[in-house]
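Spelled out from the first residue to the last, the chains are:
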Amino acid sequence: MKTLRKFLSALFAVLVFCLGVFGCGRDKTSDGDTNGEQTDPAADLLTDKVINKAMFKDPDLRFRPMVMVHGITQNAVNDAYARGYGGIVTNVAWNNNYLNDVRAFNTLAMCIEQLSELGMYAWLYDEYGYPSGTAYGQTLKDNPEYEALGLVPQYKTVAVGTTQSIDLLHGHTAIISAYTYDGTDRNDIDLFTGEDVTYAVNADKTRVTFTNRTATSKVLVAYMRKPWYENTHSMENWYAQQRYINMLEKEPTQKFIRRTHEQYYDYLGEHFGNTVKAFFTDEPALQGSYFTITDRPRQVLHQPDPDVPIVECLNYSDTLFEVFKEKYGYDLKPYLGYLYNADGGKLAKQVRMDFYALTGDLFGQNYLGQIEEWCRTKNVKSSGHLLLEETLYQNPWFAGNMIQLLGTMGIPGTDLLYSKATTAMTASCIVSKMASSAADFQNKTETFAEISGAFDGTAGKSVYDKLNAVGVQVCMGINNFASYYFQGSEIAFEDDKIFSAAIGRMKYMVDESKHRANVAVYYPYEGVSAETLPSLHMYQPTQKAKDISDAFTEMCRAMTERQVDYDLIDWQNLSACSVQNGALVTPSGERFTAIVLPHTTALRSETVEKLLLAQQGGVKVVLQGIDDVVCERGKNDVAAQFADVKKNAASVATGIAAAKYVIENGHANITIEGNAAKLYCSKRVNKNYTLITAVNAYESDKSFTFRTKASGKSVKYYDTVTGDITEASATFADGVCTFTHTLPANQTGFFVID
């Protein structure tokens, strides 16, 4: 009987709570704002949420941000709770007995139980420092074959009638393949003339010797394997110099999961799916390219060898050639020269497109995919962020197609390490949009960002500066945050409470609503990969790769500074869109009436074909400086059809011109009178209201007049810092809402069109 009374009491409490928060049906309550007419074309995908003013004022812990606490204690939990945070990202203690200390796991279990009792939540950080994947050296322990590998070329001219040899470089392990090409040196080489001379490699694979018996000077190239460690991110990160795992193979990640995730489940499994919500993986990556090595203090697990030569290098595994042939139907080895040497021909671009598509896919499948599958079976989400998302030309080296990779996560995530709204915008309009666009397309409701002031500092910046930097990310579609801002004693207790409550209000407002943009900006991964060559430094791409990368960055910033809301779309997601009534329609219901393509030199054939269909269906295509394109092997006929796309497209020279075009031709879903370069906006909807996120990055109060398509009766402004709600001056005519309001300086707020 006691159990029954408890059950009935709990049920009654839940019913009362639901009535108070969400109202009853669609009726208007004293605490809620409801909307009348529903105009969204994908209404079946929307929710019936009604905004509860009391919940906005004092958001539940589930809406509030997390703090990053790597040395969790009961005092740390109590402190985070007192400061108004909703959760903690944490892990077992970082020490020399990492993952092997029963007491550390028991301490963590006790703290997770404490979080549960307080109504807080936890994410589990999966590494000692970063990058994730090493388990603090334990993934490679007893399995050196799991280490990341690189493939480097060495060149030697072989004159007619002479014999030359190439020896294995110091620190390298084997000559894998050897070819000769017509030419006089590396800068004068005909890559189309390659002949396989791997037979000339000696038995222990340390030397290749070739005698030129032809009538033409030859260049001998030895392709050799090395453990790829020296001068990489694994050596230069802020935590520890240690060798890294090979993301192109599945076995290293399987062992990493056994050492980390499965141990956490053994100790905390009863909390998975309730208190424990997700795993945070931090900056996993392909080795990609070389870093400048600084003298910053850090641990050294594996002493680097200063005598290993730094040579341009590709990500490699011993199964790569086999997997490549299986996927693309041709042998990569005869075409290796195109991956290392400048060649403007179609074939070279096509081979590079294939190579960088494959390495990215393998990273996604072997690392992110295996972690997500494990998490899914344990009723938690995978999340975290990748390395160097914000610079397009670095994506092929270190990861792959970012939109697809982030979409692999249960909660697509990123990091944004700024403390001012204006500096945050320069990265958020790319990295946050990558994560949120991946989530939007798959109808995932959660996104994530790690936040701190690592890039622009926190000194001299107020809590309001940091809040507005977060607000920019909310505007770009991020709704979960883990904060490094407020560690140590520099932040006042009351500032922490302001910070946690304001972010909680932001998440509460965007919760249960769907992003709705009219414009898609194309993510030209295949274009930049077609122009990518290995480099001796991560900031030294080819000029063409840099041009494509710069155009993409400028396009995103130009749109954001002109209040053009957009989603990023890659070739795979574009291919899955249907064309309906003048719009590209995603599976989640977004309708793009215009698609903008920044400068590129290559496109997938599926993109060209979809653009043609879109134009026939009334979608406007805007091209920035694209004359013709290369498509993948066997698709030259489709590439030729790009001329028809161009003929019917609007051509512009810059991102600014593209933004102006979509505004002037009615494709922007929000318009502002006058110049407002430091005002950032986005639009969301549900069945009961339209929601406009507005970030005022100006240092003074600013009055703006907004216009957007929406039906309703009134517009209210929700102040995320104070929790106050005020009326905006609004008119409704012909399905368009026009409203004017003065936005507080350096602050993020929301307009609700009721």
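These numbers come from a predicted model, not from an experiment. (Residues numbered from 1 in each chain as written. Predicted model: local features only at pLDDT ≥ 70, side-chain atom pairs only at ≥ 80, totals over all residues. Heavy atoms only, no water.)

1. Structural notes on the sheet that holds strand β22 (residues 566–569)
Line of reasoning, step 1. The five strands are arranged β22-β21-β26-β27-β28 in an open sheet whose pairing can be described as parallel. With partners counted over all chains shown, the strands left at the sheet margins are β22 and β28 (650–652), one partner each. Taking each pair of neighbouring strands and ignoring which way they run, the sheet shows an average axis angle of 25 degrees.
Line of reasoning, step 2. Here strand β21 (residues 519–522) pairs with strand β26 (residues 594–597) via three bridges, running parallel. The residue of β26 that forms the bridge with V521 is V596.
Line of reasoning, step 3. Most of the contacts of helix α22 (residues 655–664) go to strand β27 (residues 620–624), to which it runs at about 165 degrees, and overall it touches β21, β26, β27 and β28. (Pairing = 2+ DSSP bridges. Helix = DSSP H or I, 4+ residues; strand = E, 2+ residues; numbered from the N terminus. Axes fitted to C-alpha atoms, helices over the stretch in contact; angles between N-to-C directions. Contact = heavy atoms within 4.5 Å.)

2. Comments concerning the packing of aromatic side chains
Line of reasoning, step 1. Taken as a whole and judged by the stated rule, the model has 44 aromatic pairs.
Line of reasoning, step 2. Ring geometry for F355 against Y356: centres 5.0 Å apart, planes inclined by 85 degrees, an arrangement best described as edge-to-face. Here F355 and Y356 have matching classes, each one buried.
Line of reasoning, step 3. The rings of W94, Y98, W123, Y125, Y128, Y130, Y136, Y239, F280 and F448 are connected pair by pair, giving a single aromatic cluster.
Line of reasoning, step 4. A cation over an aromatic ring shows up here: K433 above the ring of Y566, its NZ or CZ 4.8 Å from the ring centre.
Line of reasoning, step 5. The lysine or arginine in question, R633, covers the ring of Y330, its NZ or CZ lying 3.7 Å from the ring centre. (Phe/Tyr/Trp six-rings, centres within 6.5 Å; stacked < 30°, edge-to-face > 60°. Buried < 20%, exposed > 50% of the residue type's maximum accessible area, 1.4 Å probe, protein only. Lys NZ or Arg CZ within 6 Å of the ring centre and 35° of its normal.)

3. Thoughts on the confidence of the model for the protein
Line of reasoning, step 1. Of the residues in the protein, 94% reach a pLDDT of 70 or more, and the chain-wide mean stands at 93.
Line of reasoning, step 2. Per-residue pLDDT stays below 50 along residues 1–38; that stretch engages in 47 contacts with residues further than four places along the chain or on separate chains. (pLDDT = per-residue confidence, 0-100.)

4. A short note on helix α10 (residues 346–377)
Line of reasoning, step 1. Taking 1.5 Å per residue as the helical rise, α10 with its 32 residues ought to reach 46 Å, and the 44 Å between its terminal C-alpha atoms agrees with that figure.
Line of reasoning, step 2. Along α10, the helix axis deviates most sharply at G369, where the bend reaches about 40 degrees.
Line of reasoning, step 3. N379 occupies a position one or two residues after α10 and carries a positive phi of about 65 degrees. (Expected span 1.5 Å × (residues − 1). Bend = angle between axes of the 7 residues up to and from the residue.)

5. A closer look at the nonpolar core
Line of reasoning, step 1. Y264, F272, V470, F499, M509, F552 and M559 are the most contacted members of the largest nonpolar core, which has 156 residues in total.
Line of reasoning, step 2. Per-element accounting of this core gives the leading share, twelve residues, to α10.
Line of reasoning, step 3. Leaving out residues up to four positions away in the same chain, M509 has contacts with K49, I51, F56, Y689, L691, Y718, F750 and V752.
Line of reasoning, step 4. Counting residues in each nonpolar core, the second largest holds 27 residues, with Y522, I595, L603 and V608 among its members. (Core = buried A, V, L, I, M, F, W, Y, C linked by side-chain atoms within 4.5 Å.)

6. Here's the deal with the environment of L623
Line of reasoning, step 1. Relative to the elements of secondary structure, L623 occurs in strand β27.
Line of reasoning, step 2. Sequence separation of L623 and T211 is 412 residues, and the distance between their C-alpha atoms is 51 Å.
Line of reasoning, step 3. Discounting residues that sit within four places of it in the chain, L623 has contacts with L597, F642, K646, A649, A650, S651 and V652.

7. What to know about the pairing of strand β31 (residues 690–696)
Line of reasoning, step 1. Buried residues dominate β31, accounting for seven of its seven residues.
Line of reasoning, step 2. Neither face of β31 is left uncovered, since the one carrying T690, I692, A694 and N696 and the one carrying L691, T693 and V695 both have all their residues buried.
Line of reasoning, step 3. In this sheet, β31 lies alongside strand β30 (residues 679–685) in antiparallel orientation, the contact comprising seven bridges. Its bridge partner lying in β31, C681 is registered against A694.
Line of reasoning, step 4. Remark: four residues form the turn of the hairpin made by β30 and β31, two consecutive strands paired antiparallel.

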